[in-house]
Amino acid sequence: MVLMRQMLSLVSSDPINKLLKTYACYLSTSSGLVIGTLYLSTKRLVFHGDEPLCRYAASGQQEWVYYKVVLLLDQLSFVSPSPKGLVHSEKYIQVVMRDGHEFRFMGFVSYDKALKNINEALQHDRENNMAGRVQVRSVARLGK
């Protein structure tokens, strides 16, 4: 329960950011698949691994940490589906950031709904950001 509260506070730490959906899925990494939960909010896409992973600190000490990825929707370049023809278990959602980093999420129970909801949240975020920019520019012009 504490972990869920921490994740919800990360996803919705400001009053404008609202949690929209959660999905059980996998994150594909260079070390293999990490099972976890993907949290979709109006401002972020957050993945949190379900099981701690072992890593070694610089001191050589063994540590157990949860895999966590926080992606701001306004930093996403695009979201794309996997190529057609893949069986359900191989379908993935690719998220590409403006800085070129890529993330692949897979293993969704309802792949099509997850893809639709993520794309809608991204579109809504872009529309809100554009409206804010237009409003700021209009105010700036009036001030001249």
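Just so we're clear, the structure is a prediction, and the values are computed from it rather than from any experiment. (Residues numbered from 1 in each chain as written. Predicted model: local features only at pLDDT ≥ 70, side-chain atom pairs only at ≥ 80, totals over all residues. Heavy atoms only, no water.)

So, on to the environment of L86. Summarising the element assignment, L86 is placed in the loop between β7 (76–81) and β8 (92–97). The residues touching L86, leaving out its near neighbours within four places in the chain, are K91 and Y92. (Helix = DSSP H or I, 4+ residues; strand = E, 2+ residues; numbered from the N terminus. Contact = heavy atoms within 4.5 Å.)

A separate point is the side chain of S80. Locating S80 in the fold gives a position in strand β7. In this structure S80 comes out as buried when scored by relative accessible area, which is 16%. The residues touching S80, leaving out its near neighbours within four places in the chain, are Y92, I93, Q94 and L115. (Buried < 20%, exposed > 50% of the residue type's maximum accessible area, 1.4 Å probe, protein only.)

Spatially, the 7 strands line up as an open sheet ordered β6-β3-β2-β1-β9-β8-β7, and their pairing is antiparallel. Each edge of the open sheet is held by one strand with a lone partner, namely β6 (68–72) and β7. The sheet shows a mean angle of 30° between the axes of neighbouring strands, taken without regard to direction. For strand β1 (residues 19–29) and strand β9 (residues 102–106), the ladder comprises 3 bridges, and the chain directions are antiparallel. In the sheet register, Y26 faces β9, and the bridge partner there is M106. (Pairing = 2+ DSSP bridges. Axes fitted to C-alpha atoms, helices over the stretch in contact; angles between N-to-C directions.)

A separate point is the packing of aromatic side chains. Counted under the stated rule, the structure contains 2 aromatic pairs. Here Y23 and F108 contribute two aromatic rings whose centre-to-centre distance is 5.8 Å and whose plane-to-plane angle is 80°, an arrangement assigned as edge-to-face. You can see Y23 sitting in strand β1 and its partner F108 sitting in the loop between β9 and α2 (111–143), a full 85 residues away along the chain. With relative accessibility at 11%, the residue Y23 sits in the buried group. Relative accessible area serves as the criterion here: at 3%, F108 is assigned to the buried category. Geometrically, the ring pair formed by F47 and F105 is tilted, given 6.0 Å between the ring centres and 45° between the ring planes. On the criterion of sequence distance, the pair formed by F47 in strand β3 (residues 44–49) and F105 in strand β9 is long-range, its members being 58 residues apart. The pair F47 / F105 is uniform in exposure class, with both members buried. The ring of Y92 has R104 sitting right over it, with the charged end atom 4.2 Å from the ring centre. (Phe/Tyr/Trp six-rings, centres within 6.5 Å; stacked < 30°, edge-to-face > 60°. Lys NZ or Arg CZ within 6 Å of the ring centre and 35° of its normal.)

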